[in-house]
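# Coordinate analysis (summary)
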Amino acid sequence: AELTLAHYLPPNHELQVGAAEPLAQELAKATNGAVTIKIYPSGELGAGPTQQYTRALEGIADITIGLTGSDAVPMPRSLMLEMPGLFDTPREAVDVIWDNMDAFAEDFKRTQLLALFPNSPAALVMTRPVRSPEDLAGLNIRTSSAIGAAMVGAWGANAVTMPANDLYNAMQTGVVDGALIGIDGVNAFRLHEVATNVVTNLPSNVTMFFVTMNRESYAALSEDERAKLMAVAGRELSMKGADAFVASGDEAKANILATEGSSLDVLTDDERAAFSARLDGLADKIIADLSASSKVDLMDVYQQINK
Amino acid sequence: MPNSVPQSVLSFIDRLGQLFAWLSGALILVLVLVSAANVITRYFFGITVFGLFDILQIGVGIVIFLALPLCTWKDEHVSVDVVYEFAPRWLRYLMLAVSDIVAICVLAAIGWRATTMAGTALEFGDSTALLSISYVPIWVVITITSYFSAALCVVRLAMLPFRQRI
Amino acid sequence: MPFDPLTIGFMGIGLLFFLLALRVPVGFAMIGIGLLGITILQNERAALATLSSETFELATKMELIIIPFFVLMGNLAGISGLSRNLYDAAHAWTGHRKGGLASATIIGCAGFASLSGSSVASAITMGQVALPEMKRFKYDDRLSSGAVAAGGTLGILIPPSTGLVLYSLMTEQSIGQLFVAGFLPGLLLAAFFVLTIMLLTHLKPELGPAGERLSYSERVHQTRGALPFILIIAATIGGIYSGVFTPMEASAVGATGTLIIALLRRSLNWRRFAGIMRNTGTTTVMCYFIIIGANVLNPFLARAGVTHWVSESILGLGLGPTMTVVVIMAAFAVMGTFLEGFAMLVLMVPVFFPVVTALGIDPILFGILVVITLEMGLITPPVGINVFLVKALLPNVPSARIFVGVAPFLLAMLVSLTLLLIFPQITLLLPSTMYR
Ligand code: NA
Ligand code: NA
């Protein structure tokens, strides 16, 4: 069988190179070429991130890659993984996720989940130095999620939403003073050219990615093929996704260091604590809001992953 | 225009289509003003409308389909006239009929799918990322305007044999 | 399956052209073929899901909101007399020369192009102002109609441009950079149009007799009338270039500014306002249906392997970047003779763009070249939308005569295209200095 894998990212994106292509190769190898994957990048089978879950659900493609937070279909349980301060590296997140998969499975139940993993925790990519929440007071910070906006607000800044493509321009001209964004995003949008300070080791949030498969397509595989697919998917594929983001984060850091006038500021643990202190009680409030809007009791999920 | 459909019905259709299209333009104007106001408050007061993105997203989603009935009824969609210009009358009738039939099929498909999606969005709570605004109204507007436009094409198709000037 | 996917893909394209020839609206035809094709290659569930997910994705796409905003701005600019001011200001400086009214038409068109995203709107609006004037001064109707039809095409090259919004959507290029890139080529093209007029009236003075000479103070007075237009340009293009606004914000600010001018000048009564609202709505839905159509058709073509096949075939010719661009432009020009501009853009760009990226051709430059080729299509027979519009304004002049009138301007376009291809700097200078 030839399976189709569709995503909306460019063909040179780290997930295509670091996750989608290796998945295709390993599956073909494991099944001796009986099951292959043809990849359609760049939204060839459908543009943009909001419809990726639906595309797998309806069989537009057999497999799709999407963002849990940007999909039109809400995935409230996996959104708990984006709560502030949970993870410092994508790899540790993948372990937590797959050790507690029962907590998120409901979000994907209409499809067969193949991978769930985060990018690197968000950094503050700024046009001025920031070492404490006081330095952020009154600044305009771009963020793309409700949780990110709540964090930015708790630190005393104004949350601004805008398309990521506009960010470079907006930072250059002071429309925003910075962004709370995964450090891998620095590469994608060339932010090292406009940022003076990239602040890491924050009690930060991640962005969750899913790889999911149409149920009928999954059922159409033989039992043996399904086993071989899940052996290369699952935690295995999630680690690949996480590693792809680590690699692109490392590249971003190298770019920042190589660019004159932009510095990589790793917060000390004391400085980090000051940011954490401002987030006290924020989780409860976000969870209460999200539970109300999604009609799911998310506190259980949060407590299970935040042990 | 002598035809099989009473003049009062045609005039009603026309007014309803005009009203929808008018609403569409007026809502676009509102979105323009909200966006411009956001620029001004940001520059002079450092205030941004949180979730403006979400509001515009829902707004434009609702707005763009509202003028579909009038656009379809007035035959203002982009089409290629090159054969039509030189076609004999009988062929023109045929071409207009084919156009309406294709339009009816496509519009009905959109309407039918939008109905399903409205149900799904309602059941699963599909909503915007920041303000959790429901996507249901967008699908409802698409359903109504697509079915309405398909119905207009049916009316036009029924009138076709009675049309003198084509 | 009796046919392989690629064959089905080409049969789909054949059927699409058949439907287009039957005057089926472009958007509906593309959606219909897309649905049919995906149903054959996969199943009807995937086809219908593609329809709804693409409709939703595009209907809620923030980058596209620029289209209705700039449509509204163009409509308001037309009704508030800004087009008249632009023409009068240009006329004051050039009217006393041979062919000066035609040159003023071009300059007015270039100015109005920066208020309107569409060539059609530019041609109609400036045509209504300029054609009666040129008739009054006994201009040859070939020159006057040619100037309006060709000048109007500038609407889609000089930013804002709905064509460039579509291109940016399909190629994921920065709309801000594309807009800024269109500026100098637009001025260059306008300059070539004016040169064409000067040359024509030099050779045949009876084509465009000189008008009256205005006093210096009168010229200044007329120029002042066009000042609000300068403000709008500064707010939109200046705002995008300097990065003060995002393109979306610029469109909102520009439309609001134009509304204020219209209100201050009391150009809006209830009837006109209602008319503008309706027109903005129908133009918007018209654009969106073409975009949705392309996005339902393209997954079918990708699945069938057509897109891949085309790019492999062209790359297989081994022509090198410049010659490949020439070949692609020629294909666009041929298609442009009978396809409507938007339709051509959404049909052809996704197919050819992979070739462009594979050869390392600058995607911004390619976008501008595509738009100029699209402009040529607006005035070439048999389907030349701008010629038909001018014909509607001049019912007594045969279409054939207008097509003769635009021929010299087509030549000017070809010369500009060649220059832009040889000197990519003309296009890329402004975007490369943007935000720095
Ligand atoms: Na323009
Ligand atoms: Na043409």
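What counts, and at which threshold
Residues numbered from 1 in each chain as written. Chains lettered and ligands numbered in written order. Predicted model: local features only at pLDDT ≥ 70, side-chain atom pairs only at ≥ 80, totals over all residues. Heavy atoms only, no water. UniProt positions renumbered as here; feature names shortened; annotations may be inferred. Contact = heavy atoms within 4.5 Å. Buried area = accessible area lost by both parts, 1.4 Å probe. Salt bridge = Lys/Arg side-chain N within 4 Å of Asp/Glu carboxyl O. Polar contact = N/O pair within 3.5 Å; in protein donor to acceptor, adjacent residues only side chain to side chain. Nonpolar A, V, L, I, M, F, W, Y, C, P; charged D, E, K, R; others polar. Donors = N, O, S within 2.8 Å, 3.2 Å for Na, K, Ca; no water. Helix = DSSP H or I, 4+ residues; strand = E, 2+ residues; numbered from the N terminus. Buried < 20%, exposed > 50% of the residue type's maximum accessible area, 1.4 Å probe, protein only. Pairing = 2+ DSSP bridges. Axes fitted to C-alpha atoms, helices over the stretch in contact; angles between N-to-C directions.

An unreviewed UniProt entry lists chain B under the name TRAP transporter small permease protein, with Celeribacter indicus given as the organism. Its UniProt record gives chain B a comment under Sequence similarities (unreviewed entry), which states: "Belongs to the TRAP transporter small permease family."

Turning next to the interface of chain B and chain A. Taken together, the contact between chain B and chain A spans 18 residues of the former and 19 residues of the latter. Each partner contributes to the roughly 1,500 Å² buried at the junction of chain B and chain A, and carbon and sulfur atoms together form 59% of this total. Contact with chain A buries area across many residues of chain B, yet Phe53, Phe124 and Leu130 of chain B alone supply 30% of it, more than any other trio. Here chain B is connected to chain A by one salt bridge.

Moving on to the interface of chain B and chain C. Across the contact, 55 residues belong to chain B and 54 residues belong to chain C. Buried surface at the junction of chain B and chain C, summed over both partners, amounts to about 5,100 Å²; 80% is from carbon and sulfur atoms. Inspection of the chain B/chain C interface yields one salt bridge. Its salt-bridge partner being Arg23 of chain C, residue Asp75 of chain B comes within 3.0 Å of it at the nearest N-O pair. Taken together, the connections running from chain B to chain C amount to ten residue pairs in polar contact (both at pLDDT 80 or more). Partitioning the side of chain B that touches chain C into residue classes produces 40 nonpolar, ten polar and five charged.

Quick look at the coordination of the sodium ion (ligand 1) now. Residues and elements named next belong to chain C. The protein atoms donating to the sodium ion (ligand 1) are Ala113 (O), Ser116 (O), Gly155 (O), Ile158 (O) and Pro160 (O), with metal-donor distances spanning 2.1 to 2.3 Å. All donors to the sodium ion (ligand 1) come from one chain, and their sequence spacing reads A-x2-S-x38-G-x2-I-x1-P. Here Ala113 is found in helix α6 (residues 100-113), whereas its partner Gly155 is found in the loop between α8 (141-153) and α9 (162-171), with 42 residues between them in sequence. Assigned by exposure class, Ala113 and Gly155 land together as buried.

In this section: the sheet that holds strand β10 (residues 208-213) of chain A. Residue and element names in this part refer to chain A. On the basis of which strands lie adjacent, the open sheet formed by five strands has the order β2-β1-β3-β10-β4 and mixed pairing. A single partner strand is all that each edge strand has here, and the edge strands are β2 (36-40) and β4 (112-118). For this sheet, the mean angle separating the axes of adjacent strands, direction not counted, is 20 degrees. Note: strand β1 (residues 2-6) against β2, five bridges, orientation parallel. Bridge assignment links Leu5 to a residue of β2, and that residue is Ile39. On the sheet, helix α4 (residues 90-99) packs against β4 and β10 and is oriented at approximately 145 degrees with respect to β4.

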